[in-house]
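# Residue-level structure breakdown
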Amino acid sequence: MTGHVSARLARRASRHVKERVIEAILFAAAAISVLVTLGIVYVLLKESLVFFSHVSVIDFLTDTQWTPLFDDAHFGIMVLLSGTAISSLVALLVAIPVGTIIAIYLAEFAAPQVREIAKPILEVLSGIPTVVFGFFALLFVTPLLQWFIPSLPGFSLLSAGIVMGIMIVPIVSSISEDAMRAVPMSLREGSYAMGATRLQTALRVVFPAAISGIAAAYILGIARAVGETMILAIAAGMQPNLVWNPMEPAATITSFIVQVALGDLPHGSVGYNTIFAAGLTLMLFTLVFNLLGFWLQRRYREKY
Amino acid sequence: MSLPAEEIAAIRANIARRKTRDLIFTSIGILCLVIALLTIAALFADMIITGWDRFRPGFFTDFPSRRAAQAGILSAWVGSVAVMGVTAAVAVPLGVAAGIWLEEYAPRHWITDIIEININNLAGVPSIIYGLLALGLFVYTFGLGQSIQTAGLTLALLILPVVIVATREAIRSIPQMIREAAYGLGATKWQTVKDHILPYSLPGILTGIIIGLSRAIGETAPIITIGALTFIAFLPPSPITDTAPFLNFEWLQAPFTVMPIQIFNWTSRPDAAFHQNAAAAGAILVAMTLAMNAIAIWLRYRLRKNIKW
């Protein structure tokens, strides 16, 4: 009898050990995601530190030339930042109005059937590989724009930015729509009872009530635009120009990294380290935008 | 008690004006949707029309070549399949396990908070940063080379947040009573998870895995960054051999190319004949990602329809 009991107890104990081991394995899997972040930070900082031992931070921030691979090397990140800023601006000028209007339309006006069809289609748009969008920007949108603007060069921030904007529309529209649908019905009913039309309700009641969620959508859209690579590498040209005119070709932080990676830079050269410094700059920008976006998103969720 | 006629007219005019504005906005909304739709249509039409001459059986069975008309995507699609295999083999177990831990095991604790915030953040990191991680760590620190294993591992890390989030959402939709019933019958936590939680959340997890892989298959920037060659006119060694042990893992270390790299390579050539190749390969790549997305949407639809707790 005692033998039987202790065997059962032993089975229970072994079950307990097994449970513990499994829990530890599952935790290890979750912890790996933290290791990925640490790995990114480690690599970017390590190689950037080597870079900044050759180039002073002040030159990096203030120089107006970016010629890291020339004999007369200049490392002015502003040049790449201007390309990133202008192309992102063009993208946002497309994505924010179109995305917001689609979100308002889907959340407040469209019949449920329209919404059921429209949402998967928008998802398709965000699922198309960016290299294909790049091809489309270079060989379809640029010639199309050249009809209207004959002086537009074959590579330009404008056409890359427009295509990037269309790619970002679904991000803006789906997060904004979620935010607007989270607004309680009672607010809308109050507005309708006062005789407001659907448009007035949407613009003056629902939109302001959902503003922090919509702002989060915009910011996540910006983060996506800043980090976009292939469309710019293909359609915006890769010449580092300090430009403020979208109708010119220019390199961005991301397309510069691609350009260097396409060549044969020896491991350990300054040129090799440059892409990590550029990557660190990019990472800092997207980190700020992402944190801001998540903070805003969380704030509106807690409100209702 | 009745209003003067001109006031009634003014109110009617006001209502009519506001209703017109409603109508105008509805048309603008539909117009914006149509723009999005037209872009997809134009993109497709452009790819298929430009690449039309290249759609021949040989396009799938030929290696890239200096002559555009004879160049094919054999090494590209084989490379894509091989890389996706590695990506899935790494991302699925890791992502699902992490998702299970976060939903079922994680204590309310600062470590859990850090892991959650971290996963949210990783989802927003630009893909090219993963490429730099792979270049600095996998290629030069771990010495994995510019190979299929490096690419697969990089893309696995890239889609890890997608798989984790999908797993968590699928698990969260399972009602608490299922767990209580299992515990009530004396099941341990892992038995509950393995026999109930995982099977019930499988369609949702599968949807997330497919969406993640469809994103990975189209990624170009991280693979360029690790320095993948663009002209590959050979296949990786076969994973199956005639002699024991019949399995061969040399292919993991092989240099490779993938579909998006091949498209980028053809697009960036000045010769328009290669643009036709790029268009044809692009159409095939888009068709592949769309098919994967369609499967995911169908799975999600089935899941919503069939399960009523």
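What you are looking at is a predicted structure, and each value in this text was computed from that prediction instead of being measured. (Residues numbered from 1 in each chain as written. Chains lettered and ligands numbered in written order. Predicted model: local features only at pLDDT ≥ 70, side-chain atom pairs only at ≥ 80, totals over all residues.)

## Re the overall build of chain A
Applied cut-off: Numbered from the N terminus, helices here are DSSP runs of H or I no shorter than four residues, and strands are runs of E no shorter than two. The exposure scheme places C-beta atoms from the backbone and then counts, for each residue, the other C-beta atoms within 10 Å of its own, assigning buried at 20 or more, exposed at 12 or fewer, and partly exposed in between. We call two residues in contact whenever the C-beta atoms placed from their backbones are within 7 Å.
When helices and strands are tallied, chain A shows 12 helices and zero strands. Starting at the N terminus and ending at the C terminus, chain A contains elements arranged as α-α-α-α-α-α-α-α-α-α-α-α. Looking at the 304 residues of chain A, the share that counts as buried comes to 50%. Long-range contacts, defined as pairs at least 24 residues apart, comprise 74% of the intrachain contacts of chain A with a sequence gap of at least 6.

## Re the overall build of chain B
Just so we agree on the cut-off: Between the two quantities, the radius of gyration covers C-alpha atoms and the globule rule is 2.2 Å times the number of residues to the power 0.38.
What chain B contains, in helices and strands, is 11 helices and zero strands. If you list the helices and strands of chain B from N to C, you get α-α-α-α-α-α-α-α-α-α-α. On C-alpha atoms alone, chain B measures out to a radius of gyration of 26 Å, which is more than a quarter above the 19 Å that the 2.2 N^0.38 rule sets for 309 residues. Taking the principal axes of its C-alpha atoms as reference, chain B extends roughly 100 × 65 × 35 Å.

## Quick look at the domain arrangement of chain A
Residue and element names in this part refer to chain A. As a reminder, the rule being used: For each domain, the first and last residues come from an automatic or database assignment. Under the scheme applied here, ten amino acids are nonpolar (Ala, Val, Leu, Ile, Met, Phe, Trp, Tyr, Cys and Pro), four are charged (Asp, Glu, Lys and Arg), and all others, including Gly, are polar.
Domain assignment breaks chain A into domain 1 (2-54) and domain 2 (77-303). Just the C-alpha atoms count here: the centres of domain 1 and domain 2 sit 37 Å apart. Contacts between domain 1 and domain 2 engage seven residues on the former and eight residues on the latter. Split by residue class, the side of domain 1 that touches domain 2 holds four nonpolar, two polar and one charged.

## A word on the interface of chain B and chain A
With 70 residues of chain B at the contact, the number on the chain A side is 70 residues. With 18 residues, the single largest contributor to the side of chain B that touches chain A is helix H1 (residues 5-51) of chain B. Looking at the side of chain B that touches chain A, its residues break down into 43 nonpolar, 21 polar and six charged.

## Comments concerning helix H10 (residues 259-267) of chain B
Burial runs high along H10 of chain B: nine of the nine residues are buried. Along H10 of chain B, the residues classified as buried are Met 259, Pro 260, Ile 261, Gln 262, Ile 263, Phe 264, Asn 265, Trp 266 and Thr 267 of chain B.

## Notes on helix H7 (residues 176-184) of chain B
Along an α-helix, residues three or four positions apart point the same way, because every turn accommodates 3.6 residues. With zero of nine residues buried, H7 of chain B is to be regarded as a mostly surface element. At the exit of H7 of chain B stands Gly 186 of chain B, carrying a positive phi of roughly 90°.

## Side note on the domain arrangement of chain B
All names here are of chain B. In terms of domains, chain B is made up of domain 1 (5-53) and domain 2 (56-306). Between the C-alpha centres of domain 1 and domain 2 there is a distance of 38 Å. Across the boundary between the two partners, domain 1 contributes five residues, which contact seven residues of domain 2. Tallied by class, the residues present in the side of domain 1 that touches domain 2 amount to two nonpolar, two polar and one charged.

## Side note on the confidence of the model for chain B
Predicted coordinates in regions of low pLDDT should not be interpreted in detail. All names here are of chain B. Stated precisely, the cut-off is as follows: Summary of the metric used: pLDDT quantifies the predictor's per-residue confidence within the range 0 to 100.
Chain-level statistics for chain B give a pLDDT mean of 86 and a share of 94% at 70 or above. Across chain B, the secondary-structure element scoring lowest on mean pLDDT is helix H2 (residues 57-61), at 79, and the one scoring highest is helix H6 (residues 148-172), at 93. Interface confidence for the predicted complex, given as ipTM, is 0.88, next to a pTM of 0.88.

## What about the packing of helix H6 (residues 157-181) of chain A against helix H9 (residues 211-227) of chain A?
Residue and element names in this part refer to chain A. Rules: Comment: axis = line fitted to C-alpha atoms, over the contacting stretch for helices; angle = value between 0 and 180 degrees taken between N-to-C directions. Angles are sorted into four bins: roughly parallel if under 35 degrees, roughly antiparallel if over 145, roughly perpendicular if 65 to 115, and oblique for all others. Here is the rule for handedness: rotate from the far helix to the near one, and if that takes an anticlockwise turn smaller than a right angle the crossing is left-handed, while a clockwise turn gives right-handed.
Relative orientation of the contacting elements H6 and H9 amounts to 155°, with a least axis distance of 8 Å. Here H9 runs roughly antiparallel to H6, going by the angle between their axes. In this structure, H6 crosses over H9, and the sense of that crossing is right-handed. Across from Met 164, Ile 168, Ile 171, Val 172, Ile 175, Ser 176, Asp 178 and Ala 179 in H6, the residues of H9 making contact are Gly 213, Ile 214, Ala 216, Ala 217, Tyr 218, Leu 220, Gly 221, Arg 224 and Ala 225. Classifying every residue of the contact of H6 with H9 by side-chain character gives 12 nonpolar, three polar and two charged.

## Regarding the environment of Ile 119 of chain B
With respect to the element layout, Ile 119 of chain B can be found in helix H4 (residues 110-123). Residues Ile 119 of chain B and Ile 164 of chain B, spaced 45 residues apart in sequence, show a C-alpha to C-alpha distance of 8.3 Å. Beyond its immediate chain neighbours, meaning those up to four positions away, Ile 119 of chain B contacts Ser 33 of chain A together with Pro 161 and Ile 164 of chain B.

## Considering the packing of helix H5 (residues 130-148) of chain A against H6 of chain A
Residue and element names in this part refer to chain A. Running from amino to carboxyl end, H5 crosses H6 at an angle of 120°, the nearest separation of the two axes being 9 Å. By the criterion of interaxial angle, the relationship of H5 to H6 is oblique. Crossing handedness for the pair H5 and H6: right-handed. In this structure, H5 uses Phe 133, Phe 136, Ala 137, Val 141, Thr 142 and Leu 145 to contact H6, whose residues at the interface are Leu 158, Ser 159, Ala 160, Ile 162, Val 163 and Met 167. Looking at side-chain class alone, the contact of H5 with H6 contains 10 nonpolar, two polar and no charged residues.

## Remarks on the environment of Leu 303 of chain B
You can see Leu 303 of chain B is positioned in helix H11 (residues 272-306). Other than its neighbours up to four places away in sequence, Leu 303 of chain B contacts Pro 203 and Gly 204 of chain B.

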